[in-house]
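Residue-level structural notes
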Amino acid sequence: MELLKDKFGRVHDYIRISVTDRCPLRCVYCMPKEGLPFFPSDRVLSQDEIVQVVKNFARHGVHSVRLTGGEPLTRTDIVDIIRRIKAIDGIDDVAMTTNGLYLPRKAQALKEAGLDRLNISLDTFHKDRYKTITRGGNIKQVLEGIRVASELDFTAIKLNVVVIKGQNDDEVKDFLDYTLDHKVNVRFIEFMPIGNDRKTWQSEYLSLSRVFEVCKTAGYDYAPIESLQGNGPSENYQIKGALGSFGLIHPISCRFCESCNRLRITADGYIKACLYWDEEINIRDVIYDEQAFDALIQKALNNKPENHEMALAQTDRIIDNKPTWRHMSQIGG
């Protein structure tokens with residue numbers, strides 16, 4: 001088995017596949033206010049194509065798959081996709097990132113199909129604020145989805161919290177408190193300059209050093225813990241006596257690219273070796289051609305930069321490459 005390595009020696013054993021660009025929400029960090037024109041159905045990878053892509057990667061040591069969107073639960077065949085991926089030789093971990101709206105009625109089927117882990121987006125506990133951030137979402141559905149999922153013995157449930165200055169940064173303590181009596185990992189994520197106006201992003205970006213400041217003010221005794229199951233770049237901690245834990249994903253204030261082991265496949269069949277840069281290669285036409293597929297994947301790896309350089313957006317400088325044209329919902333995060 002030939003492992004997937006880039007020119008910096010990083011081994012890639014984890015893929016994120018966007019199964020759709022569709023989503024019922026319009027989150028401020030994910031889509032423009034007016035929304036986006038969604039891809040026509042024939043432009044989106046079919047169930048068979050998705051499964052074959054995973055088989056191709058599994059031949060090269062990829063063992064972990066995350067399904068993203070858009071909102072992956074908008075696909076009517078998502079349970080079948082999970083079941084078929086989990087049956088592929090070499091795949092031992094299947095995860096999903098979801099907004100949680102459909103979990104109350106779909107969580108059981110996802111678990112039975114073999115889904116191991118769930119990441120659920122939740123940026124606030126306030127009903128009206130949630131509606132503002134998501135541009136119309138119903139937080140009651142999400143909270144019910146978290147409750148239902150928590151009773152199904154998933155390997156891990158993580159809550160993704162994008163911290164935005166002036167919108168939800170005053171709730172950091174609320175999320176830390178949530179870990180005290182909920183067995184979840186709350187992951188604070190820095191707001192990234194992807195698909196957003198530069199000046200707006202600069203005014204709303206906040207370093208995650210704020211989390212430690214809140215811990216200190218609250219008098220929390222916390223300590224780092226070993227990485228949780230999964231392949232994300234989160235640095236994880238636990239407050240003494242808490243059932244859950246919290247993590248920090250800070251692509252702006254701290255470099256985390258040195259150990260990057262992930263590749264992304266967009267819903268329309270492009271491979272992105274780096275989340276931020278515009279570099280992408282269409283692989284859809286070669287999904288069933290083993291030799292051609294491998295060649296394009298290696299080309300993407302060879303072109304992968306050492307660092308995404310997002311932090312340079314703070315200084316109005318972008319060097320080396322051009323940032324992606326896609327919004328986050330069109331990449332899969």
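A brief report on the enclosed structure follows. (Residues numbered from 1 in each chain as written. Predicted model: local features only at pLDDT ≥ 70, side-chain atom pairs only at ≥ 80, totals over all residues. Heavy atoms only, no water.)

**Quick notes on the packing of helix α3 (residues 103-113) against helix α5 (residues 139-150)**
At their nearest, the axes of α3 and α5 sit 8 Å apart, and the two run at 25° to each other. When the interaxial angle is binned, α3 and α5 end up roughly parallel. In terms of crossing hand, the pair formed by α3 and α5 is right-handed. Facing L103, P104 and A107 of α3, the residues of α5 in contact are Q141, E144, G145, V148 and A149. (Axes fitted to C-alpha atoms, helices over the stretch in contact; angles between N-to-C directions. Helix = DSSP H or I, 4+ residues; strand = E, 2+ residues; numbered from the N terminus. Parallel < 35°, antiparallel > 145°, perpendicular 65-115°, else oblique. Left-handed = near helix turned anticlockwise from the far one by under 90°. Contact = heavy atoms within 4.5 Å.)

**Some points on empty space enclosed by the protein**
Throughout the structure, instances matching the rule amount to two cavities of 30 Å³ or more. Of the voids in this model, the second largest cavity is the one considered here, and its volume is about 40 Å³. Every residue lining the second largest cavity is listed: L25, C27, Y29, N99, S121, L122, D123, Y130 and T134. Here the lining of the second largest cavity is composed, by residue class, of five nonpolar, three polar and one charged. (1 Å grid on protein atoms, 1.4 Å probe; cavity = no way out; pocket = protein on both sides within 12 Å on 5 of 7 lines; lining within 4 Å. Points joined across faces, edges and corners; volume = space filled by probe spheres on them. Nonpolar A, V, L, I, M, F, W, Y, C, P; charged D, E, K, R; others polar.)

**Observations concerning the sheet that holds strand β6 (residues 117-121)**
Taken together, 12 strands build an open sheet; the order of strands is β9-β10-β11-β8-β7-β6-β5-β4-β3-β12-β13-β14 and the sheet is mixed. Edge strands, defined here as strands with exactly one partner in the open sheet, are β9 (222-224) and β14 (281-282). Two elements, strand β5 (residues 93-98) and β6, share four bridges in a ladder whose sense is parallel. Note on β6: the bridge partner recorded for T97 is N119. Here α5 sits on the sheet and contacts β6 and β7 (156-163); the angle it forms with β6, its principal contact strand, is near 165°. Strands β7, β8 (185-190), β10 (235-239) and β11 (245-249) of the sheet are contacted by helix α6 (residues 172-181), whose axis makes an angle of about 155° with β8. (Pairing = 2+ DSSP bridges.)

**Observations concerning the layout of surface pockets**
If you roll a probe as big as a water molecule over the atoms, it shows you where there is empty space left. By volume, the largest pocket is sized at about 460 Å³. Taken together, 22 residues line the largest pocket, and the ones lying closest to its centre are T155, A156, I157, K183 and V184. Contributions of two or more residues to the lining of the largest pocket are made by α5 and β7. Residue contributions to the lining of the largest pocket peak at five residues, all from α5. Split by residue class, the lining of the largest pocket holds 10 nonpolar, eight polar and four charged. Volume-wise, the second largest pocket comes out at about 160 Å³. Lining the second largest pocket are V19, T20, D21, R22, F39, P40, S41, V44, L45, T74 and R75. Taken together, the residues that form the lining of the second largest pocket break down as five nonpolar, three polar and three charged.

**As for the nonpolar core**
Counting 90 residues, the largest nonpolar core has I17, F57, I78, L176 and F188 as the members making the most contacts within it. No other element matches the six residues that helix α1 (residues 47-58) contributes to this core. Setting aside anything within four residues of it in sequence, one finds I17 in contact with I50, V53, V54, V65, R66, L67, T68 and I265. (Core = buried A, V, L, I, M, F, W, Y, C linked by side-chain atoms within 4.5 Å. Buried < 20%, exposed > 50% of the residue type's maximum accessible area, 1.4 Å probe, protein only.)

**Description of the packing of aromatic side chains**
As enumerated under the stated definition, the model contains nine aromatic pairs in all. Relative to F188, the ring of F175 has its centre 6.4 Å away and its plane inclined at 90°; by these criteria the two rings are edge-to-face. One end of the pair, F175, is in helix α6; the other, F188, is in strand β8, and 13 residues separate them in sequence. Across this residue pair, the class does not change: F175 and F188 are buried. Note on F212 and Y237: the rings are 5.3 Å apart at their centroids and 85° apart in plane angle, and the pair reads as edge-to-face. Residue F212 is found in helix α8 (residues 209-218), and its partner Y237 is found in strand β10; the two are separated by 25 residues along the sequence. Looking at F212, the relative accessible area reads 25%, which means it is partly exposed. (Phe/Tyr/Trp six-rings, centres within 6.5 Å; stacked < 30°, edge-to-face > 60°.)

**Some points on α8**
When α8 is considered as a whole, its buried residues turn out to be V211, V214 and C215. In an axial view of α8, the angular spread of the buried residues amounts to 100°, which keeps them on one side of the axis. Exposed side of α8, more than 90 degrees from the buried face: K216 and T217 are the residues found there. Buried positions along α8 lie against α6, β8, β9 and β11. G219 lies just past α8 and shows a positive phi near 75°. (Arc of directions from axis to C-beta.)

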